[in-house]
Amino acid sequence: MTRLEGETEPSPTHSSLLIVSPLGPQTMLTAISMSAIATNGVVPAGGSYYMISRSLGPEFGGAVGICFYLGTTFAGAMYILGAIELLLIYIAPKAAIFPLEGLEGAEAEAALLNNMRVYGTILLFSMATVVFVGVKYVNKLALVFLACVILSILAVYAGVIKTGIDPPEFPVCLLGNRTLVWKTFDVCAKTIESANGTVTTQLWRMFCDSPLLNATCDKYFTANNISQIQGIPGVTSGILTENLFGTYYEKGDLIARNYMESAEDQDDPLTNANRYVLADIASYFTLLVGIYFPSVTGIMAGSNRSGDLRDAQKSIPVGTIAAITTTSFVYMSSVILFGACIEGVVLRDKFGEGVHGNLVIGTLAWPSPWVIVIGSFFSTCGAGLQSLTGAPRLMQAIAKDGIVPALRIFGHGKANGEPTWSLLLTACICEIGILIASLDAVAPILSMFFLMCYMFVNLACALQTLLRTPNWRPRFKFYHWALSFLGMSLCLTLMFLCSWYYAIIAMLIAGSIYKYIEFAGAEKEWGDGIRGLSLSAARYALMRLEEGPPHTKNWRPQLLTLVSTDSEQNIEQPRLLSLTNQLKAGKGLTIVGTALVGSYLENQEQTQRAEQALRKLMETEKVKGFCQVTVSSNLRDATSHLLQASGLGGLKHNAVLVSWPRNWRQGDEHQTWRNFVELVRETTAAHLAMLVPKNIAAFPSNGERFTEGHIDVWWIVHDGGMLMLLPFLLKQHKVWRKCKIRIFTVAQLDDNSIQMKKDLTTFLYHLRIEALVEVVEMHDSDISAYTYEKTLVMEQRSQMLKQINLTKNEREREIQSITDSSRGSIRRKNPAAVTTQLSVTEEPVAASKEEKPEEEVQLIHDNTTPTTPATPATLLTPTEGAKSPGEQVQMTWTEKCDGEPAKPPGAATPEGIKDIFNMKPEWENLNQSNVRRMHTALRLNEVIIKKSSEAKLVLLNMPGPPKNRSGDENYMEFLEVLTDGLNRVLLVRGGGREVITIYS
């Protein structure tokens, strides 16, 4: 790197080599990766952005592309300011609009910056006009600028050779070993001999209080001699050994010749500091790397103009690698030759204060310093033109892809494709940089943007190589994924070496752009490597999931939500997806499925419409997951296919969410409820949990908020913890967040209710679930004989209708008329049973009372034998005998057919009232057990309504269906009675395994 303002390198040869050495390989490795990507197909306009976006996806490509665009644009402003600085200081000082003569310090700096703003704006307008006219004129000017740069480099090499023969006169004045600012004195001496004797010099007056020989002078001035050395002693002087090792300075340190003796008292304070050359900033390795790095940021210049190249696949690799090889040789040789020719104190003199402000490289060059001045001026102008040419094309490529909606206007241009609007934007941003004038604070971030771009180019090449995608067939063969990873690591290391906080700022900017594109940008499928990486990671994760079922601690509801569609393929239960969203605090898998009737070949259009409707509703309800549509000859088989085939490998659903069939009693809806019962059977056989919301239309949407209320859980039997887990998950959603959980459990007459409540409270404490616990006592004295009679008459009438072989429609109408006519009767005689739908008329009641033997009624009462008390702890204890997990929670409605009489409900299990979910009566034959259970449903329904009528949601255990299908309708009637009169009910059936644990 060549310093233009009186310095060549900020540190001598050893340190400079350490700075230059890693950047050469870093740029070369990046060029190799870029060459591989550039030769893997056609690279249109966009260069580095196109490569990254097509390899890593639109988010990464857009974020890095915009950052690289900003870096290139502001770099153009830096080049223009550099050209103006050369113009005003070395070429035409008289051209300054704001005079610099006679000004010092802050005033001189302010005047210089104002001049740079004015002339920089003029030069920017001129360059933008050239770029607007056409890129062919930029290419012609580029040849002129390149010739000037080559001549300048050759002039430096010629000057180095000349120093071995005839070193130039380039004096440096030292006081002791300290470098003096050679500005206000003419002779490097304390005194000179004249005809009148010894007289003092201007230098004497700088350190003494009078020009007399007996004046009082600075102590250091008195104790040390003045010496004059050659600033450029020549390549044969052996100065290289003295410059081999560098010295880093703090701000304000003296620039001194360390190996030269000096008489000074360390305790004496520094006086006349403005007379010495001082370090203006603290220098350290990482800072100097950041200063040097902009000299290697031009490797993307060719790729940025890929759309204008005749054969980009050939030109980019050859041109970029040749340029990096040439410049690396020039930089490395310059470091060595400057260290061999130039004195160390001159190398460290940033502004050339010790050499009259002269240009060191200009003095070294042969035949004239003007070769360096003119060459440097045109070099900076050429770099500025390249930035103004490449940056608009980069922005145009980003805008045309439409990944950032706000930038789409900049995709338009002239008829020949020239990016007019992008050029205007680039010129405006560049003007902002020129008006800032001093870009020292911005420059480090720009370096981070370049390094980030290089890092992602290397990452893209490595990723494509490792994934071995079939389309990865670059013509450039001299690459390897390890080289790309090494280049990426070097870029990341250099980012944090240069400035860790600027690196973090640059990453935050890029991350913000990434998230914006992800949120607002258009969906693009470019076959990028990130998608391929996702596929590979998904395959690996699925293979790992196959190793075994998840632990209880990792269990979460993986929902298969079954919805139905109308004839136009519109979703009939949109609130099911709202509930799905509210249950997804577990962050598990979600599959939304629907079934269609017909042939797949003939119903492809309907299938696509249904899938689109599902996707649209999922997007509206913010349900993240997958949708699936199956077609079969009948709805039952199509639903069964969904249940069996959804998911992949170990990533399958473990719970089914389906709505309760509406109006199932109507004659034309009989197949709907039969399909529902079959679905319950299949989920039980597959050991899947089942969630059945009733009155789904009354459930809240995602936009609603409950400010108060309760979620009531009626814990009849233990189902693996589903009833405990679901309200906890619901409370994580903003709809249910302010609701409180209440858990009700049922006790019988002889149960210890106080102990049950205490045990359940302890159990919930260990589960880390906050809930109110209430024990509800139900015993024989609470049961009214009238309710028994109504239940029995309903069963008898239903059985009688079956026996006389009525048609289905006639039977439905008969039952409906019985139900409707009896509802008012029950309301008059038994207000507690208002909500039940299983009622009969007054006349059958009387007949029932007359016909029912007293012994039969007594038998019903005998079936309620008191049982042992149950606690939450005992509910978790496995039952006797070896049972599969599914059998432990199996709840069916079929009794044993081995000739043994059915056991009384109280003797079957220790749970008493919970027997209605565990006993197995044959519902197709009328018996007293069925009547007893239907009555228990009525009574339990009364208690639930009494306690939970105002609850926002009621969760209930859902028993299993009968094994014999002739009892399906009674099963549906039982569930209807159990939930009648409740606004929102969620029936829950466990999947046969524990889903919640007290352990961490």
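This one's a predicted model, so the numbers in the text were calculated from it and none came from an experiment.

Novice: What should I look at first to understand unusual backbone geometry in this one?
Specialist: Among all residues except glycine, the phi angle is most often negative; among peptide bonds, the trans geometry is most common. With an omega of 15°, the peptide bond between Trp366 and Pro367 qualifies as cis. Mapped onto the elements, Pro367 comes out in the loop between α13 (360-364) and α14 (369-401). Located in the positive-phi region is His356, a residue other than glycine, with phi close to 65°. For His356, the location among the structural elements is in the loop between α12 (344-347) and α13. Located in the positive-phi region is Arg468, a residue other than glycine, with phi close to 55°. Mapped onto the secondary structure, Arg468 falls in the loop between α16 (443-467) and α17 (481-498). A relative accessible area of 72% means that Arg468 is categorised as exposed.

Novice: Got a minute to help me understand the sheet that holds strand β5 (residues 226-230) in this structure?
Specialist: Hydrogen bonds between backbone atoms are what pair the strands of a sheet, whose relative direction is either parallel or antiparallel. The sheet built from three strands is open, its strands ordered β2-β1-β5 with antiparallel pairing. Lying at the two open borders of the sheet, with one neighbouring strand each, are β2 (178-179) and β5.

Novice: Looking at this structure, I do not really get the pairing of strand β10 (residues 689-694). What am I missing?
Specialist: Along any regular strand the residues' side chains alternate between the sheet's two faces. Of all six residues in β10, six are buried; the element is thus mostly enclosed. Neither face of β10 is exposed, since Ala689, Leu691 and Pro693 on one face and Met690, Val692 and Lys694 on the opposite face are all buried. Here strand β9 (residues 655-658) runs beside β10; their pairing, made up of three bridges, is parallel. Paired with Ala655 across the strands is Ala689, a residue of β10. With five bridges joining them, β10 and strand β15 (residues 985-989) adopt antiparallel strand pairing.

Novice: How should I be thinking about the side chain of Lys190 in this particular structure?
Specialist: Its location among the elements puts Lys190 in the loop between β2 and β3 (191-194). Look at Lys190: it is buried, it has no salt bridge, and the nearest opposite charge is Asp218 at 9.1 Å. A polar side-chain atom of Lys190 sits 2.5 Å from the main-chain carbonyl oxygen of Phe221. The contacts of Lys190, once residues within four sequence positions are left out, are Leu175, Val199, Thr200, Thr201, Trp204, Phe221, Thr222, Asn224, Asn225 and Ile226.

Novice: In this structure, what is going on with the pairing of β9? I would like to understand it.
Specialist: Taking every second residue as pointing to the same face, both faces of β9 are buried, with Ala655 and Leu657 on one and Val656 and Val658 on the other. Relative to β9, strand β6 (residues 559-563) runs parallel, the two being bridged by four bridges. Note that in β9 the partner of Leu562 across the bridge is Val658.

Novice: What exactly am I supposed to notice about the packing of aromatic side chains here?
Specialist: Geometrically, a pair of aromatic rings is defined through the distance of the ring centres and the angle of the planes. Summed over all chains, the structure comprises 22 aromatic pairs. Every member of this aromatic cluster is reached through a ring pair, and the members are Trp204, Phe207, Tyr220, Phe221 and Tyr276. Above the face of the Tyr276 ring, Arg178 is positioned so that its terminal group lies 5.2 Å from the ring centre. Geometry around Phe221 places Lys190 over its ring, the cationic atom sitting 4.6 Å from the centre.

Novice: Please clarify how a positive patch on the surface should be interpreted in this entry.
Specialist: On the surface, Lys622, Arg705, Lys734 and Arg737 cluster together to form a positively charged patch. With relative accessibility at 42%, the residue Lys734 sits in the partly exposed group.

Novice: For this particular structure, what's the right way to read the packing of helix α3 (residues 58-91) against α14?
Specialist: For any two helices packed against each other, one specifies the crossing angle of their axes together with the interaxial distance. As a packed pair, α3 and α14 sit with axes 8 Å apart at the nearest point and diverge in direction by 155°. By the angle between their axes, α3 is roughly antiparallel relative to α14. Read as a crossing pair, α3 and α14 show a hand that is left-handed. Looking at the contact of α3 with α14, its residues break down into 21 nonpolar, nine polar and no charged.

Novice: Would you mind going over helix α15 (residues 420-436) with me for this structure?
Specialist: The end-to-end C-alpha separation of α15 is 25 Å, in line with the 24 Å expected for 17 residues at 1.5 Å each. Of all the residues in α15, the buried ones are Ser422, Leu423, Leu425, Thr426, Ala427, Ile429, Cys430, Glu431, Gly433 and Ile434. Of the surrounding secondary structure, the elements contacted by the buried residues of α15 are α3, α4 (105-133) and α14. Downstream of α15 by one or two residues, Ala437 has phi in the positive range, about 70°.

Novice: Can you walk me through the state of the cysteines in this structure?
Specialist: Formally, a disulfide is one covalent bond, and it connects the sulfur atom of one cysteine to the sulfur atom of another. What the rule picks out here adds up to two disulfides. Each sulfur of the disulfide joining Cys173 and Cys188 lies 2.1 Å from the other. Where Cys173 bonds to Cys188 through sulfur, the torsion about that S-S bond is close to 85°, and the disulfide is right-handed. A residue pair is termed long-range when its members are at least 10 positions apart, and Cys173 in strand β1 (residues 171-175) and Cys188 in the loop between β2 and β3 qualify at 15 residues. The class of Cys173 is buried, set by a relative accessible area of 0%.

Novice: Whenever I open this one, the packing of helix α2 (residues 48-56) against α16 confuses me. Can you help?
Specialist: One way to put it is that α2 packs onto α16 with a least axis distance of 9 Å and a crossing angle of 40°. The pairing of α2 with α16 is recorded here as oblique in orientation. The handedness of the crossing between α2 and α16 comes out as left-handed. Across the interface between the two elements, Ser48, Ile52, Arg54, Ser55 and Leu56 from α2 touch Cys453, Phe456, Val457, Leu459, Ala460, Leu463 and Gln464 from α16. Broken down by class, the residue content of the contact of α2 with α16 amounts to eight nonpolar, three polar and one charged.

Novice: In this structure, what is going on with the sheet that holds strand β11 (residues 710-715)? I would like to understand it.
Specialist: Ordered by their spatial adjacency, ten strands build an open sheet running β8-β7-β6-β9-β10-β15-β14-β11-β12-β13, and the pairing between neighbours is mixed. Where the open sheet ends on each side, the last strands, each with one partner, are β8 (626-632) and β13 (772-777). Averaged over neighbouring strand pairs, the angle between their axes works out to 20° when direction is ignored. Here helix α20 (residues 575-582) sits on the sheet in contact with β6, β7 (590-597), β9, β10 and β15, set at roughly 170° to β6. Packed on one face of the sheet, helix α34 (residues 968-979) meets β10, β14 (953-957) and β15 and runs near 140° to β14.

Novice: Even after reading the chapter, I still don't get the confidence of the model for the chain, so can you show me in this structure?
Specialist: Note that predicted coordinates carrying low pLDDT should not be read in detail. Mean pLDDT over the chain: 78, with 81% of residues reaching 70 or higher. Throughout residues 818-914 the model reports pLDDT below 50, and contacts reaching past four residues in sequence, or to other chains, amount to 174 contacts.

Novice: How should the nonpolar core be read in this particular structure?
Specialist: Soluble globular proteins tend to pack their nonpolar side chains together in the buried interior. In this structure, Met300 and Tyr454 are the most contacted members of the largest nonpolar core, which totals 75 residues. Among the elements that take part in this core, α16 stands out by supplying 15 residues, more than any other. Apart from residues lying up to four places away in sequence, Tyr454 is in contact with Gln26, Thr30, Phe293, Val296, Thr297, Gly298, Ile299, Met300 and Cys491. Membership of the second largest hydrophobic core comes to 53 residues, among which are Leu577, Leu617, Ile743 and Val988.

Novice: Would you take a moment to explain the side chain of Thr639 for this structure?
Specialist: As for its position among the elements, Thr639 is in helix α22 (residues 635-645). A relative accessible area of 15% places Thr639 in the buried class. Discounting residues that sit within four places of it in the chain, Thr639 has contacts with Leu562, Ala595 and Leu679.

Novice: Help me understand a nonpolar patch on the surface in this model?
Specialist: Residues Leu492, Phe496, Trp500, Tyr501, Ile504, Met507 and Leu508 make up a contiguous nonpolar surface patch of roughly 680 Å² in combined accessible area. Of all the secondary structure elements, the ones that give two or more residues to the nonpolar patch are α17 and α18 (500-520). No other element matches α18, which puts five residues into the nonpolar patch. Within the element layout of this structure, Ile504 appears in helix α18.

Novice: Even after reading the chapter, I still don't get the environment of Gly650, so can you show me in this structure?
Specialist: By the element assignment, Gly650 lies in the loop between α22 and β9. Ignoring sequence-local partners within four residues, the contact set of Gly650 consists of Leu545 and Glu546.

Novice: Help me understand the environment of Gly352 in this model?
Specialist: Along the chain, Gly352 falls in the loop between α12 and α13. The spatial distance from the C-alpha of Gly352 to the C-alpha of Trp182 is 9.2 Å, given a sequence separation of 170 residues.

Novice: Would you mind going over the environment of Thr184 with me for this structure?
Specialist: Relative to the helices and strands, Thr184 is located in the loop between β2 and β3. Residues Thr184 and Met206, spaced 22 residues apart in sequence, show a C-alpha to C-alpha distance of 8.6 Å.

Novice: Sorry, what's going on with the pattern of salt bridges here?
Specialist: A side chain of one charge can pair with a side chain of the opposite charge if their charged atoms are brought near each other. With the rule as written, the count across this model stands at 18 salt bridges. A salt bridge links Arg742 to Asp712, with the shortest nitrogen-to-oxygen separation between them at 2.7 Å. With a gap of 30 residues between them, Arg742 in strand β12 (residues 740-747) and Asp712 in strand β11 connect regions that are remote in the sequence. Here the two residues Arg742 and Asp712 agree in accessibility, since each one is buried. Across the pair Glu774 and Lys947 runs a salt bridge, and its minimum N-O distance is 2.8 Å. Taken together, the positions of Glu774 in strand β13 and Lys947 in helix α33 (residues 928-948) put the pair 173 residues apart, joining distant regions of the chain. In this structure, a network of salt bridges that share partners links the residues Glu678, Arg681, Arg965 and Asp968.

What counts and what doesn't
Residues numbered from 1 in each chain as written. Predicted model: local features only at pLDDT ≥ 70, side-chain atom pairs only at ≥ 80, totals over all residues. Heavy atoms only, no water. Helix = DSSP H or I, 4+ residues; strand = E, 2+ residues; numbered from the N terminus. Buried < 20%, exposed > 50% of the residue type's maximum accessible area, 1.4 Å probe, protein only. Pairing = 2+ DSSP bridges. Lys, Arg positive; Asp, Glu negative; His and termini not counted. Salt bridge = Lys/Arg side-chain N within 4 Å of Asp/Glu carboxyl O. Polar contact = N/O pair within 3.5 Å; in protein donor to acceptor, adjacent residues only side chain to side chain. Contact = heavy atoms within 4.5 Å. Phe/Tyr/Trp six-rings, centres within 6.5 Å; stacked < 30°, edge-to-face > 60°. Lys NZ or Arg CZ within 6 Å of the ring centre and 35° of its normal. Patch = residues over 30% accessible without salt bridge, like charges linked within 9 Å, V, L, I, M, F, W, Y side chains within 5 Å. Areas by Shrake-Rupley, 256 points an atom, 1.4 Å probe, with all protein chains shown as cover. Charge placed at Lys NZ, Arg CZ, Asp CG, Glu CD. Axes fitted to C-alpha atoms, helices over the stretch in contact; angles between N-to-C directions. Parallel < 35°, antiparallel > 145°, perpendicular 65-115°, else oblique. Left-handed = near helix turned anticlockwise from the far one by under 90°. Nonpolar A, V, L, I, M, F, W, Y, C, P; charged D, E, K, R; others polar. Expected span 1.5 Å × (residues − 1). Disulfide = S-S within 2.5 Å. pLDDT = per-residue confidence, 0-100. Core = buried A, V, L, I, M, F, W, Y, C linked by side-chain atoms within 4.5 Å.

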